[in-house]
Amino acid sequence: MSSSKRIIESHDIYHGLPTFKEEGLTAIVTGANGISGTYMLKVLGQHPQRWKKIYALSRRPPYGDLPKNVEHIPCDFLESPEEISSILKAKGVKGDYAFFFAYIQPAPKEGQGIWANAEELISVNKSLLSNFLEALTISKTVPKAVLLQLGGKYYGVHLGPGTPPYEETASRVEFEPNFYYTQEDYLKEWAKKNGTNWVTTRPSLIPGAVPDNAMNFVLPLAIYATVQKHLGLPLEFPSDLRAWEMTTSISSAQTNAYLSEWAVLTDSAHNESFNACDDSAFTWAQLWPRLAARFGIEWKGPDLEADFMEITMPYVPPPRGWGPTATLKFKFTLTEWAKKPEIQKAWKEIADANGLKMTEFADVDRLFGFTDGTFGFSYPLLYRYVSLPLDVVDVRVC
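Residues numbered from 1 in each chain as written. Predicted model: local features only at pLDDT ≥ 70, side-chain atom pairs only at ≥ 80, totals over all residues. Heavy atoms only, no water.

(A) Quick peek at the nonpolar core. Counting 82 residues, the largest nonpolar core has Leu57, Phe132, Leu133, Trp284, Trp288, Phe361 and Phe368 as the members making the most contacts within it. Looking at this core element by element, the count peaks at eight residues for helix H3 (residues 118-138). Those residues within four positions of Phe368 in sequence are excluded, and the remaining contacts are Pro220, Ile223, Leu334, Thr335, Trp337, Ala338 and Phe361. (Core = buried A, V, L, I, M, F, W, Y, C linked by side-chain atoms within 4.5 Å. Buried < 20%, exposed > 50% of the residue type's maximum accessible area, 1.4 Å probe, protein only. Helix = DSSP H or I, 4+ residues; strand = E, 2+ residues; numbered from the N terminus. Contact = heavy atoms within 4.5 Å.)

(B) The pairing of strand E15 (residues 327-330), seen in detail. The alternating pattern of E15 places Leu328 and Phe330 on a buried face, while none of Thr327 and Lys329, on the opposite face, is buried. Here four bridges tie strand E14 (residues 309-312) to E15, and the two strands are oriented antiparallel to one another. Looking at the pairing, Met309 lines up with Phe330 of E15. (Pairing = 2+ DSSP bridges.)

(C) Region of interest: the pattern of salt bridges. For the structure shown, the criterion picks out twelve salt bridges. Its salt-bridge partner being Glu71, residue Lys53 comes within 3.0 Å of it at the nearest N-O pair. Within this pair, whereas Lys53 is found in strand E4 (residues 51-58), its partner Glu71 is found in strand E5 (residues 70-74), the two being separated by 18 residues in sequence. Given a relative accessible area of 25%, Lys53 falls into the partly exposed group. Close ionic contact of Arg172 with Asp185 constitutes a salt bridge, the shortest N to O distance being 2.8 Å. In this pair, Arg172 is assigned in the loop between strand E7 (145-149) and helix H4 (179-193) and Asp185 in helix H4, connecting sequence segments 13 residues apart. Assessed through its relative accessible area of 26%, Arg172 is described here as partly exposed. On the basis of relative accessible area, Asp185 is assigned to the partly exposed category, the value being 31%. Each member of the salt-bridge network shares a partner with another, and the members are Arg172, Glu184, Asp185 and Arg202. (Salt bridge = Lys/Arg side-chain N within 4 Å of Asp/Glu carboxyl O.)

Below is the structure:
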């Protein structure tokens, strides 16, 4: 066990955060307008002495007011490495560390699930990563470490029940191609070739306050509750009792960002993979009454006698290697709900009355599809850490 000591500090509700001696660092944050990139900018921006310059790379500007040490540079990672490199050179981008959060969710084919198009997921998301990494090589700005955020699909949770709690040392689920595996392998090969370090993180469901994100399950919840209140209707749970009581790990975007900063600045964390979660047991049964109370409306739990639509997970046996697969049940989906004319009319009224930028649901399937998937989960999605390096921590809260 290390004999080193580290002072820890608190920021708002986040406690036990490590401090660092480093100063004058530069960082590159990709996907800077998404949920994870937004919070990475927020966390790094809290310490301008530590991070003197943060380059935010994304096609669209990041959300909200940017810290003074952040510069947004428009960049499309589907362009060639040479084109990306020319942008980096022109803007003088030099990153001591890089955080890769860029992600594209291709639209599924009619009647398919959100992650059914595995090959397209691999093609587009590998291109995002490889184009960026090769651009770093070409522009001769290879960071000391590159952090790549993966997720729960690494454990095959989108294919059926596994063996929770999921640990970083778990074997890959090779039922079908997985873009996380492709990205991870590419990053490791690139890091070795360029004499640098890699880190990967694997969050679960990521909540956060951003206005538009295909993987943010709380934004559709807020929209649903707001419209139901506007119409004088209760907050009705869309799935069954099993999903209502199922336990899931949650990975808040800000917690993930603190973990990511720690991982790149801690030498013993380099070339390792880390689960990312808040270490809290989440169930819809606990959240639903509180969400309804927050909006001042009534609520309804799961209907025990509903005529449910059922979706059976595709593999028998499932990722756990034995037994039956799982079935997800829905009384209705938010995607169906949001397409109703009366719901779209209600949202337009709400948007007009409150001066909202999103006056209509431009892409209903993209906006609500991920949250629909979280509603139906009928098997646990629980994490456990096994890879954290051991430190002796001097617990003095600043």
